[in-house]
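Each chain, letter by letter, is given below.
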Amino acid sequence: METQRIDGPNGSENRSTIGQLNSGTNLGNRYLIQDVIGVGGMGSVYRARDLHFPNVVKLVAVKEMINQAPDPLVRQTIVHNFEREANILATLSHPSIPRIYDYFTLDNRSYLVLEFVNGKDLEAILSQTDGTLAEEQILAWGIQLCEVLAFLHHHKPDPIIFRDMKPSNVMINQHNHIVLVDFGIAKSFQSGQKGTMIGTEGYSPPEQYRGEANTKADIYALGATMHHLLTRRDPRLEPPFSFGERPIRKINPNVSMELETVINTALQYNPDDRFNSVDDFKDALLSAGRKTGLLNRINLNPSGQANVSVNSGIKPVWAFQCEDELRGTPLMYNGAIYTGCYDNNLYALNAANGEFLWKYASEGGIVGRPVAYEDIVYFGSEDHRLHAVNTRTGKISWSYYTDGRVRSSPRISENHIFFGSDDYCLHAVNLSTNRNAWIFDTGSEVRSSPFIAGELVYFGNEAGDFFALDYRGNAKWRYKAKRNITSSPWVHENVVYFNSMDGYLYAVDAKTGWLIWRFRMEKPSIVSPVVVDNMVFTGSSDGHIYAIEAKSAKELWRFKTGHQVNGSPIIYKDALYCGSVDGYLYCLEYKTGRLKWKFETQGPITGAPLVYNDIVYIGSHDHFIYALLA
Amino acid sequence: MLNFFRKIFGKKEEPVKPAMDNIVTAPLSDVQLQSIRAMTVNRFEPSQLLVTSAQSVGRQRELNEDSLFTLSTTIAGHSSNAPFGLFIIADGMGGHQYGEIASNTAIRAISDYILKKFHNTLFHLPSIPLEESLQEIMQAAVAEAQRAVLHEAPGSGTTVTAALVLGQQLTIGHVGDSRGYLIYSEQRMEAITRDHSLVRRLEELGQITAAEAAVHPQRNVLYRALGQGETLEADLSTTPFPIGGYLLICSDGLWGVIPDDEMSKIIFEAPTIQRGCQNLIAAANAAGGPDNISAILVQLLG
């Protein structure tokens, strides 16, 4: 029997430790509490059954507000305000406003009994959706929200200001229709004392923080709500009034320019710059919907997007064709470009005009970046050797054998050259004697290129170990990632940054090896990070180029390319240059991630570009090396 | 195949093949060896933290609602010892019930969480390396404090600024308007936290000036605090501890009364950091002491 559940401890005394009513409580001798369906700042919201209808199950929502004011007079005023507002709401009849059935006060708690809405609120919908919500869906909800706000704003004798528009206050019922669930009624329960939070952080306009709330405040908050839905960026986690710093289309490029413009107008800092009324807001949404075809759902494809013109006006200064794919990164030394090629050759070209100077044949593919020192260019090859070739003649000076393919790029410091090999070792070779000073066995292939800073040599291996060795080849510390570290590290201000195939970008203290932070990318990465201006730039096989704040690990921006990003980005002046397996070389503003231009090659780009004297040099799998104006 | 034999017969075999092109190889000369060794001399300098803290209820409040926590030691690192320090200030929100409980709960929850994580390291017990990063630990500690404050002092609120020093890395977790400053040896003072206050935000947006912010009637209104609001995102950052400089953590009872350049002057003019810290508190009281005053001053030696 249903009615048996009514028995039990008396009404409001039946509380859990955190002060919520337990299910089974009979509140006010009428409402049988079933479950907590929400927790707000002032108290909880329950689903309850109305026992005045014993023969049918009539569900209601019971909203509880706890009166925390210590002063009896203030408490009384609060209860009066609550009852006055409940009376106003009880007269409202609109499909998007839940009906009010009852209200009452017991001790220091006041209760509002409302229509139970069977559905989910937008915050829950957002958190349960993986990708972005469809633009036309958000547009439709926005139009419905304008309609119900217009109904409230046109209320006579006084307009009703909702004051608390945010995703969690908007329910979507089973007919995919919106219902506003939490009226500003609760506001009178907030104490206005010094040090108190005011408004709903993130969605409220600046003037609401000065105590002004009019129809323009609701317009702003609706704009903020739509911004959150379209971008999935929770404004409560951002500084107040910072929507201007997060343009919608930068985060979700699929959103139409038209809708973005409408929402930007609603989000203007100055109330006078917003729409005059919520009716104007709605008209603007409708017109954006018509222009984009979203309203008719005719055009679901965001096609015809105005893209930055491809290769527009970008003619290579020169291009040079090798006999096979260029997988590595070029080097500039004394006016010449040196680049390894999968045809086993190292090419030397005149940097000014791409004129062929010489080529030197190793016996395996060259995938790394060469390094030059005192007129000798050094590079590793898949023929297991490190080659030292005279830059003027292209003739071999000496070579050094390892027991595995050399894919790691060499680095020179203190008259020694350091590089890894697939023979599991890091080799330190003295440039005067051409013999190894030491080798360090890591237990797995070393394809990561060492980085030398503060008298330590940093590199990773294919078992996921990361090492810091001193100049004598002793391990100072090591750190274990979950998977291969093919990426080459970068050291900046005593922090080592590197990527791993486990999908993380790691920031590790350079002296002790303690992990400071890690940043999760969507897929594994072999890209080497670079640090400029306290920003870490890197890429991942998830196709993104990322910019991350070095101190806080906060993502500043990400840019989506058409395929995996395997080559490292380069920063030059105000721009970032990075290639992608989609064949493009991208040039972005490094502070914002905005695309400046892109240049199409006919094959994947896996190496890093080189920029020197305003010229970008980039090799592609299409066998060409290109020189472009930066 | 070669690798296979090497594994069987050990690694003693010289892996280097003779160089080509008439290059004669020779062992390193003593001079060469010396120059290599000179680069890598292992000097042992005990790097450690010098810490002091001070607190005053101020001259206009009856209750102290600030809480502070300091702990300093050194831990055995992978190859050398590293200083380890944890410093926290929490300022319970005035006008709220149980502000002092909130601030005390916050420092306890954060110190508990972090010290438990480093328990084995601190006591030199066998341990597996921590999976989480320093920033993840700090973030989880602040989230733990948020839970604890909501549970133990519902309806109250507190700021919290926590600094974890490990080696030369200083990791900050921050909510509210207490502040962390780095003071460099050339007396330059830099705030490394950002106030989560309404006036600071309005100031950042150019809506009001710094002078207006200092006297704004709502200058105590925070938009983010522990125990307030449903979601909480702490600001996290890691910066190098300045060599020859200081870390100062303080509540608004200090920075709201004494200008930044005045604070750094007081610190540099004092003969010891203990005196400097006390002089900071005294200066705030001399300026009226409108609020509780708490300060922690840390120096990295070695």
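Residues numbered from 1 in each chain as written. Chains lettered and ligands numbered in written order. Predicted model: local features only at pLDDT ≥ 70, side-chain atom pairs only at ≥ 80, totals over all residues. Heavy atoms only, no water.

A. Region of interest: the overall build of chain A. Along chain A, the regular secondary structure elements total seven helices and 41 strands. For chain A, buried positions account for 58% of its 630 residues. Considering only residue pairs separated by 6 or more positions, chain A has 46% of its internal contacts joining residues 24 or more positions apart. Counting every atom, chain A has about 25,300 Å² of accessible surface; 47% of that belongs to carbon and sulfur. (Helix = DSSP H or I, 4+ residues; strand = E, 2+ residues; numbered from the N terminus. Buried < 20%, exposed > 50% of the residue type's maximum accessible area, 1.4 Å probe, protein only. Contact = heavy atoms within 4.5 Å. Areas by Shrake-Rupley, 256 points an atom, 1.4 Å probe, with all protein chains shown as cover.)

B. Just the overall build of chain B, in detail. For chain B, the count of helices and strands is ten helices and ten strands. When the 302 residues of chain B are sorted by exposure, 49% land in the buried category. Expressed as a percentage of contacts within chain B between residues at least 6 apart in sequence, the contacts between residues at least 24 apart total 70%. Carbon and sulfur atoms form 53% of the exposed surface of chain B, whose accessible area is close to 14,000 Å².

C. Region of the structure containing the environment of leucine 32 of chain A. Here leucine 32 of chain A is to be found in strand S2 (residues 31-39). Spatially, the C-alpha atom of leucine 32 of chain A lies 9.6 Å from that of valine 60 of chain A, the residues being 28 residues apart in sequence.

D. Region of the structure containing the sheet that holds strand S18 (residues 396-401) of chain A. Residue and element names in this part refer to chain A. As summarised here, the arrangement of the four strands in space is S15-S16-S17-S18, forming an open sheet in which the pairing is antiparallel. For this open sheet the edge positions go to strand S15 (371-373) and S18, each flanked by a neighbour on one side alone. Averaged over all pairs of adjacent strands, the angle between their axes in this sheet comes to 20 degrees, without regard to strand direction. Pairing of S15 with strand S16 (residues 376-380), which is carried by three bridges, proceeds in the antiparallel orientation. Following the sheet pairing, alanine 372 is matched in S16 by valine 377. (Pairing = 2+ DSSP bridges. Axes fitted to C-alpha atoms, helices over the stretch in contact; angles between N-to-C directions.)

E. Molecular detail of helix H3 (residues 99-117) of chain B. Residue and element names in this part refer to chain B. Between the first and last C-alpha of H3 there are 27 Å, a value that for 19 residues agrees with the 27 Å anticipated at 1.5 Å per step. All of the buried residues in H3 are Gly99, Ala102, Ser103, Thr105, Ala106, Ile107, Ala109, Ile110, Ser111 and Ile114. In this structure, the buried residues of H3 make contact with strand S2 (66-76), strand S3 (81-91), helix H5 (134-152) and strand S4 (160-166). (Expected span 1.5 Å × (residues − 1).)

F. Molecular detail of the pattern of salt bridges. The full count for this structure, using the stated rule, is 37 salt bridges over all chains. In this structure, glutamate 64 of chain A and arginine 109 of chain A form a salt bridge, with 3.4 Å as the shortest nitrogen-oxygen distance. Of this pair, glutamate 64 of chain A sits in strand S4 (residues 59-66) while arginine 109 of chain A is found in strand S6 (residues 109-115), placing the two residues 45 residues apart along the sequence. Of the two residues examined, glutamate 64 of chain A and arginine 109 of chain A, each falls in the buried class. One salt bridge connects lysine 282 of chain A with glutamate 147 of chain A, and the closest N-O pair in it is separated by 3.2 Å. Placement of lysine 282 of chain A in helix H7 (residues 278-292) and of glutamate 147 of chain A in helix H3 (residues 135-153) is noted, with a sequence separation of 135 residues between them. Residue class for lysine 282 of chain A comes out partly exposed when judged on its relative accessible area of 23%. In this structure glutamate 147 of chain A comes out as partly exposed when scored by relative accessible area, which is 35%. Salt bridges sharing common partners tie together Glu245 of chain A together with Arg194, Arg201 and Glu204 of chain B. (Salt bridge = Lys/Arg side-chain N within 4 Å of Asp/Glu carboxyl O.)

G. Region of interest: the pairing of strand S38 (residues 595-600) of chain A. As defined by bridge partners, strand S37 (residues 584-589) of chain A adjoins S38 of chain A across five bridges and the pair is classed as antiparallel. Each bridged residue has a counterpart across the sheet, and for tyrosine 584 of chain A the counterpart in S38 of chain A is glutamate 600 of chain A.

H. Up close: a negative patch on the surface. Together, Asp260, Asp261, Glu262 and Glu269 of chain B give the surface a local cluster of negative charge. Of note, glutamate 269 of chain B is situated in helix H9 (residues 260-269). (Patch = residues over 30% accessible without salt bridge, like charges linked within 9 Å, V, L, I, M, F, W, Y side chains within 5 Å. Lys, Arg positive; Asp, Glu negative; His and termini not counted. Charge placed at Lys NZ, Arg CZ, Asp CG, Glu CD.)

I. Broad picture of unusual backbone geometry. Residue and element names in this part refer to chain A. Unusually for a residue other than glycine, phenylalanine 241 sits at a positive phi of about 55 degrees. By secondary structure assignment, the location of phenylalanine 241 is in the loop between helix H4 (215-231) and helix H5 (248-251). According to the relative accessible area criterion, phenylalanine 241 is buried, its value standing at 8%.

J. Molecular detail of the pairing of strand S14 (residues 356-361) of chain A. As paired elements, strand S13 (residues 345-350) of chain A and S14 of chain A share five bridges and run antiparallel to each other. Following the sheet pairing, asparagine 345 of chain A is matched in S14 of chain A by alanine 361 of chain A.

K. A look at the packing of aromatic side chains. Residue and element names in this part refer to chain A. Applying the stated criterion across every chain yields a total of 36 aromatic pairs over all chains. For the pair phenylalanine 104 and tyrosine 111, a centre-to-centre distance of 5.2 Å together with 25 degrees between the ring planes defines the contact as stacked. Owing to a relative accessible area of 16%, phenylalanine 104 belongs among the buried residues under this scheme. Relative accessible area serves as the criterion here: at 0%, tyrosine 111 is assigned to the buried category. On the numbers, 6.1 Å between centres and 50 degrees between planes, the contact of tyrosine 458 with tryptophan 477 is tilted. (Phe/Tyr/Trp six-rings, centres within 6.5 Å; stacked < 30°, edge-to-face > 60°.)

L. Region of the structure containing the side chain of arginine 109 of chain A. By relative accessible area, which is 15% here, arginine 109 of chain A ends up buried. A distance of 3.4 Å separates a polar atom in the side chain of arginine 109 of chain A from a polar atom in the side chain of glutamate 64 of chain A. (Polar contact = N/O pair within 3.5 Å; in protein donor to acceptor, adjacent residues only side chain to side chain.)

M. Representation of the state of the cysteines in the model. Here the structure, examined in full by the defined rule, presents zero disulfides over all chains. This cysteine, cysteine 277 of chain B, is not joined by any disulfide, and cysteine 250 of chain B carries the nearest cysteine sulfur, 9.5 Å off. (Disulfide = S-S within 2.5 Å.)

N. Spotlight on the environment of threonine 74 of chain B. Residue and element names in this part refer to chain B. Its location among the elements puts threonine 74 in strand S2. Spatially, the C-alpha atom of threonine 74 lies 5.1 Å from that of phenylalanine 84, the residues being ten residues apart in sequence. In contact with threonine 74, not counting residues within four places along its chain, are Ser47, Gln48, Ala82, Pro83 and Phe84.

O. Looking closely at the nonpolar core. Judged by nonpolar contacts, the single largest core of 62 residues is most densely connected at Leu152, Met165, Leu180, Phe281 and Leu285 of chain A. The element best represented in this core is H3 of chain A, accounting for ten residues. Other than its neighbours up to four places away in sequence, phenylalanine 281 of chain A contacts Cys146, Ile219, Leu222, Gly223, Met226, Val262, Ala266 and Phe275 of chain A. Ala507 and Ala550 of chain A together with Leu86 and Ala90 of chain B belong to the second largest nonpolar core, which has 46 residues in total. (Core = buried A, V, L, I, M, F, W, Y, C linked by side-chain atoms within 4.5 Å.)

P. A look at H5 of chain B. For H5 of chain B, which comprises 19 residues, the first-to-last C-alpha distance of 26 Å matches the rise-based estimate of 27 Å (1.5 Å per residue) to within 8%. Here H5 of chain B has its buried residues at Leu134, Gln135, Ile137, Met138, Ala141, Val142, Ala145, Gln146, Ala148 and Val149 of chain B. On its buried side, H5 of chain B packs onto strand S30 (515-520) of chain A together with H3, S4, strand S5 (169-175) and strand S8 (235-240) of chain B.

Q. Molecular detail of the side chain of serine 488 of chain A. Residues and elements named next belong to chain A. The topology assignment puts serine 488 in the loop between strand S26 (475-480) and strand S27 (490-492). At 3.0 Å, the side chain of serine 488 forms a polar contact with the backbone nitrogen of serine 449. Other than its neighbours up to four places away in sequence, serine 488 contacts Arg411, Ser448, Ser449, Tyr497, Ser528 and Pro529.

R. Quick peek at the sheet that holds strand S34 (residues 555-560) of chain A. Residue and element names in this part refer to chain A. In space, the four strands of this open sheet follow the order S31-S32-S33-S34, with antiparallel pairing throughout. The open sheet has two edge strands, strand S31 (530-532) and S34, and neither has a second partner. Direction aside, the axes of adjacent strands within the sheet are offset by 20 degrees on average. Examined bridge by bridge, strand S33 (residues 544-549) and S34 share five bridges and lie antiparallel to one another. Its bridge partner lying in S34, isoleucine 545 is registered against phenylalanine 559.

S. The packing of H9 of chain B against helix H10 (residues 273-286) of chain B, seen in detail. Residues and elements named next belong to chain B. In the contact formed by H9 and H10, the axes pass within 8 Å of each other and the chain directions differ by 140 degrees. Classified by the angle between their axes, H9 and H10 sit oblique to one another. Once H9 is placed against H10, the crossing between them reads as right-handed. The residues of H10 that touch H9, namely those facing Met263, Ile266 and Ile267, are Gly276, Asn279, Leu280 and Ala283. Across the contact of H9 with H10, the residue classes break down as five nonpolar, two polar and no charged. (Parallel < 35°, antiparallel > 145°, perpendicular 65-115°, else oblique. Left-handed = near helix turned anticlockwise from the far one by under 90°. Nonpolar A, V, L, I, M, F, W, Y, C, P; charged D, E, K, R; others polar.)

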